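Results of the structural survey
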Amino acid sequence: MMKKSKVFWGYAVLALVIYVVVQALITTEVIDLYYKNMLITMCINIMLAVSLHIVIGVTGQFSIGHAGFLAVGAYISAIITTKLMLPFPLAIFLGALAAAVAGLIVGIPTLRLKGDYLAIATLGFAEIIRIVFLNTDYVGGAAGMQVKYLSNWTYAFVGVVLTILVISNFTNSRHGRACISIREDEIAADAMGINTTYYKVVAFAIGSFFAGLAGAIFAHNFYIIQPTTFGFLKSFDILIYVVLGGLGSLSGSVIAAVFLTLISTYLANFPETRMIIYSLVLIIVMLYRPTGLMGTKEITHLFKFGKKGGTK
């Protein structure tokens, strides 16, 4: 317990130092608006990657409709701040909560499915959400919805820390171990008395909540949101973060999200080149590192050594 406490406070101090340093650079305008936006986008992508990680990497459920929960969080939070004129922190929470409810609605009937069938069901849900917003005049329809610019580095960084903290603790709890057992062998987990459907739905709802949290920050980082932003290609972008980082590795998802955000930002003016690089990176990783950059290991495993110098 003492060791775990020291590790926790070590990470807490590191997170505080990163926040203070970046905030100071933003305040003194060493980091301009362009790089500030890149940092916020990076935080959003990390939240999306980690929130999908709990569904695919931890529980082993192949979902490709994560953009739908991103859209729910984005639009609900935008309605709360723009139409109802309520505070942004409340909008973030309610947007995330609405995404979690949407996760329950889609998760309860579909998570009895497996493999390709589940992927098709979740993709269909994301498209339904997009079409609903596309045909709703209250949120601007196809033209999009104008949103107040309220996101900043503080909201984005707190969102990342909260997402990683909750999902990491869930993964290391007995509930997380139950989810991992489902990933490894669902039939065996069910035979051992684990309520597989319950744990899959719980993991799905948690992942949806934090996707909605990312959506709220995403919506208020720009002046307009459009349904086309949340198409199936967005779901595949999020999926790439998890696969590239390594299925089952939270830190791998974070590293992949940071890496691909940097590439995407610097190649924003060359969308064709960006997709070519994405494809090349995935091909190279799948050939030489089929389990992803980190596999199922966490970055902390690299710093653990046994008494004889070997890694544990």
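Residues numbered from 1 in each chain as written. Predicted model: local features only at pLDDT ≥ 70, side-chain atom pairs only at ≥ 80, totals over all residues. Heavy atoms only, no water.

Labelled according to an unreviewed UniProt entry, the protein appears under the name High-affinity branched-chain amino acid transport system permease protein LivH, originating from Lysinibacillus sphaericus. The annotation that UniProt attaches to the protein under Subcellular location (unreviewed entry) is "Cell membrane". (UniProt positions renumbered as here; feature names shortened; annotations may be inferred.)

Inspection of the secondary structure assignment puts Thr-171 in helix H6 (residues 153-172). Discounting residues that sit within four places of it in the chain, Thr-171 has contacts with Val-58, Gly-176, Arg-177 and Ile-180. (Helix = DSSP H or I, 4+ residues; strand = E, 2+ residues; numbered from the N terminus. Contact = heavy atoms within 4.5 Å.)

Looking at where Met-85 falls in the secondary structure, it is placed in the loop between helix H3 (66-83) and helix H4 (88-110). Among all residues touching Met-85, those that are not within four sequence positions of it are Ile-80 and Lys-148.

According to the stated counting rule, one finds three salt bridges in the structure shown. Across the pair Glu-127 and Arg-130 runs a salt bridge, and its minimum N-O distance is 2.9 Å. Of this pair, Glu-127 and Arg-130 are both found in helix H5 (residues 115-134), three residues apart, which corresponds to roughly one turn of the helix. (Salt bridge = Lys/Arg side-chain N within 4 Å of Asp/Glu carboxyl O.)

Turning our eyes to something else, we now look at a nonpolar patch on the surface. Judged by side-chain polarity, Leu-84, Leu-86, Leu-90, Phe-93, Leu-97, Val-101, Ile-105 and Tyr-138 come together as a nonpolar surface patch covering roughly 730 Å² of accessible area. For Leu-84, the position within the fold is in the loop between H3 and H4. (Patch = residues over 30% accessible without salt bridge, like charges linked within 9 Å, V, L, I, M, F, W, Y side chains within 5 Å. Areas by Shrake-Rupley, 256 points an atom, 1.4 Å probe, with all protein chains shown as cover.)

Under the 1.5 Å per step criterion, the end-to-end length of helix H10 (residues 232-245) is 20 Å for 14 residues, consistent within 8% with the ideal 20 Å. Taken together, the buried positions of H10 are occupied by Lys-234, Ser-235, Asp-237, Ile-238, Leu-239, Ile-240, Tyr-241, Val-242, Leu-244 and Gly-245. A positive phi of about 120° marks Gly-246, the residue just after H10. (Expected span 1.5 Å × (residues − 1). Buried < 20%, exposed > 50% of the residue type's maximum accessible area, 1.4 Å probe, protein only.)

What follows is about the side chain of Gln-61. Assignment of secondary structure puts Gln-61 in the loop between helix H2 (33-58) and H3. Overall, the relative accessible area of 4% leaves Gln-61 in the buried class. If we ignore the near neighbours within four places in the chain, the residues touching Gln-61 are Val-55, Ile-56, Leu-111, Leu-113, Leu-118, Ile-182, Glu-186 and Lys-200.

A word on the packing of aromatic side chains. Remark: the centre distance and the inter-plane angle together describe each pair of aromatic rings, the angle taken between the planes. Inspection of the entire model under this criterion finds 15 aromatic pairs. Note on Phe-69 and Phe-204: the rings are 5.5 Å apart at their centroids and 85° apart in plane angle, and the pair reads as edge-to-face. One end of the pair, Phe-69, is in helix H3; the other, Phe-204, is in helix H9 (residues 196-219), and 135 residues separate them in sequence. Like Phe-69, the residue Phe-204 is buried in the burial classification. The positively charged end of Lys-83 is found above the aromatic ring belonging to Tyr-138, 4.9 Å away from the centroid. (Phe/Tyr/Trp six-rings, centres within 6.5 Å; stacked < 30°, edge-to-face > 60°. Lys NZ or Arg CZ within 6 Å of the ring centre and 35° of its normal.)

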